[in-house]
Amino acid sequence: MATTHYPKVYLYRRIVQAKLFIDNHYDEKIDLDNISDEAYFSKYHFIRLFKSIYGKTPHQYLRSCRINKAQQLLQAGKPVTDTCFLVGFDSLTSFSGLFKKLVGISPSVYLAKHQQKKSKISKAPQAFVPGCYAYQNGWFENSNFEEARW
Amino acid sequence: MITKMNIANIYVIDQDSACDFYVNKLGFKLIDDIPMGPGTRWLTVSPPEQPDLQIVLFPITVGKMFPQETADTMIDLIKKGTFGCGVLQCNDIYATYEELKAKGVEFIKPPTKEFYATEALFKDDSGNYFSLQPKEEGNSEDSV
């Protein structure tokens, strides 16, 4: 078994703890002070180290984490307003603005697109599953696969 | 002319558990989850920054593709850690190693400098293993 020794392991563990803290508390009112406290670092040193590892400042990471979770919730069919508050935003305007900036479309358009896809899937699931996989799972039998497919 | 791969398979023993592992531990995005009758779903995930590659979490269920004997053999081989499923890339291998370990991922090799790259090996919840390597060699040590 190879050695587990590598440079500055404790620094890594502390930065990773801070990242996991964001992952687990993204929906709460957390700010940079909470996050750097979590890693036992001074604020500015912490920001620099975090960015060098994750390519984003803790604040940018928190925002992207919230928007990623928002995408998941919208995909699952949660209304835009509920999603906004569930991922830790206070204002619908700032949520929608940031969502559009990072995802490229507004949350309501995103929700509508996924709703549309869901309804297509429920009507003709075969159209979304490659034929070979469907065949191996016996989907060709007892189904109007060929007609439903494309 | 073939241009790219957009769907790849990973054979898994339990789709629920595999979905939890790939999404909640590895941070992959869930793309499709379409029921296909009892016990089987079309379940695909993508690496976070590579939405055009879907990985099918392909269940070993007894049926056309896997008659009982084949299924038993496949499950046995997967559990034994026979199958390597590829190389996953990360920004910082030490940070990723610490993060995945903190989430309970089983490593069979910690980050180790090899002649080709710094590499770690970990297993998924079924027993398939992956190599984990940093995007650019040499950056990780300098970053902290």
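Definitions and limits used
- Counting restarts for each chain: residues are numbered from 1 in the order of the written sequence.
- For naming, the first written chain is A and the first written ligand is 1, with later ones following in the order written.
- Per-residue local features are limited, in this predicted model, to residues with pLDDT of at least 70; the limit for side-chain atom pairs, both in listing and counting, is 80 or more; totals at the level of whole chains, interfaces and linings are taken over all residues.
- To obtain the side-chain values, all non-hydrogen atoms of the structure were included, while hydrogens and water were left out.
- Between N-to-C directions, angles span 0 to 180 degrees; the directions come from axes that are lines fitted to C-alpha atoms, helices contributing only their stretch in contact.
- Secondary structure follows DSSP: runs of H or I at least 4 residues long count as helices, runs of E at least 2 residues long count as strands, and numbering of each begins at the N terminus.
- By definition in this entry, angles of less than 35 degrees are roughly parallel, angles greater than 145 are roughly antiparallel, angles of 65 to 115 are roughly perpendicular, and the rest are oblique.
- By definition, any crossing whose near helix is turned counterclockwise from its far helix by less than a right angle is left-handed, and any crossing with a clockwise turn is right-handed.
- Residue contacts follow a heavy-atom distance rule, with two residues in contact if any of their heavy atoms lie within 4.5 Å.
- Per-residue confidence from the prediction method is given by pLDDT, with values spanning 0 to 100.
- In short, buried area is how much 1.4 Å probe accessible area vanishes from two parts on joining, totalled over both.
- Salt bridge criterion: a side-chain nitrogen from Lys or Arg within 4 Å of a carboxyl oxygen from Asp or Glu.
- Here a helix's expected span is defined as the number of its residues, less one, multiplied by 1.5 Å.
- The cut-offs for exposure are 20% and 50% of the maximum accessible area for each residue type, with area from a 1.4 Å probe on protein chains only; residues under the lower value are buried, those over the upper are exposed, and the others partly exposed.

A few points about the packing of helix α4 (residues 58-75) of chain A against helix α7 (residues 107-123) of chain A
Residues and elements named next belong to chain A. In contact at an axis separation of 8 Å, α4 and α7 are set at 40° when each is read in the N-to-C sense. Here α4 is positioned oblique relative to α7, judged by the angle of their axes. In this structure, α4 crosses over α7, and the sense of that crossing is right-handed. Seen from α4, the contacting residues are Gln-71, Leu-74 and Gln-75; seen from α7, they are Pro-107, Tyr-110, Leu-111, His-114 and Lys-118.

Concerning the confidence of the model for chain A
Note: predicted coordinates in regions of low pLDDT should not be interpreted at a detailed level. Averaged over every residue, the pLDDT of chain A is 84; the share at 70 or more is 87%. Counting contacts from residues 144-150 of chain A, a segment whose pLDDT is below 50, to residues more than four positions away or on other chains yields 15 contacts.

Observations regarding the interface of chain B and chain A
Taken together, the 38 residues of chain B in the interface contact 36 residues of chain A. Summing the contributions of chain B and of chain A, the shared interface buries around 2,900 Å²; its carbon and sulfur component is 62%. Counting the contacts that link chain B with chain A gives three salt bridges. Of the charged contacts, one joins Glu-99 of chain B and Lys-19 of chain A as a salt bridge, the two residues approaching to 2.7 Å between their closest N and O atoms.

Observations regarding helix α1 (residues 9-25) of chain A
Three- or four-residue spacings in an α-helix give side chains the same orientation, since the helix completes a turn every 3.6 residues. Between its terminal C-alpha atoms α1 of chain A stretches 24 Å, which fits the 24 Å expected from 17 residues at 1.5 Å a residue. All buried positions along α1 of chain A are accounted for by Val-9, Tyr-12, Ile-15, Val-16, Ala-18, Lys-19, Leu-20, Phe-21, Ile-22 and Asp-23 of chain A.

Points about the pattern of salt bridges
In the structure shown here, the tally under the stated rule is 12 salt bridges over all chains. Of the charged contacts, one joins Asp-52 of chain B and Lys-4 of chain B as a salt bridge, the two residues approaching to 3.2 Å between their closest N and O atoms. With Asp-52 of chain B in the loop between β3 (41-46) and β4 (54-59) and Lys-4 of chain B in the segment before β1 (7-12), this residue pair connects regions lying 48 residues apart in the sequence. Overall, the relative accessible area of 55% leaves Lys-4 of chain B in the exposed class. Glu-119 of chain B is the salt-bridge partner of Lys-109 of chain B, the closest N and O atoms lying 2.7 Å from each other. Here the residue Lys-109 of chain B occupies a position in strand β6 (residues 107-113), and Glu-119 of chain B occupies one in strand β7 (residues 118-123), the gap between them amounting to 10 residues. Each member of the pair Lys-109 of chain B and Glu-119 of chain B is classed as buried. Shared partners join several salt bridges into a network, and the residues in it are Lys-19 and Asp-23 of chain A together with Glu-99 and Lys-103 of chain B.

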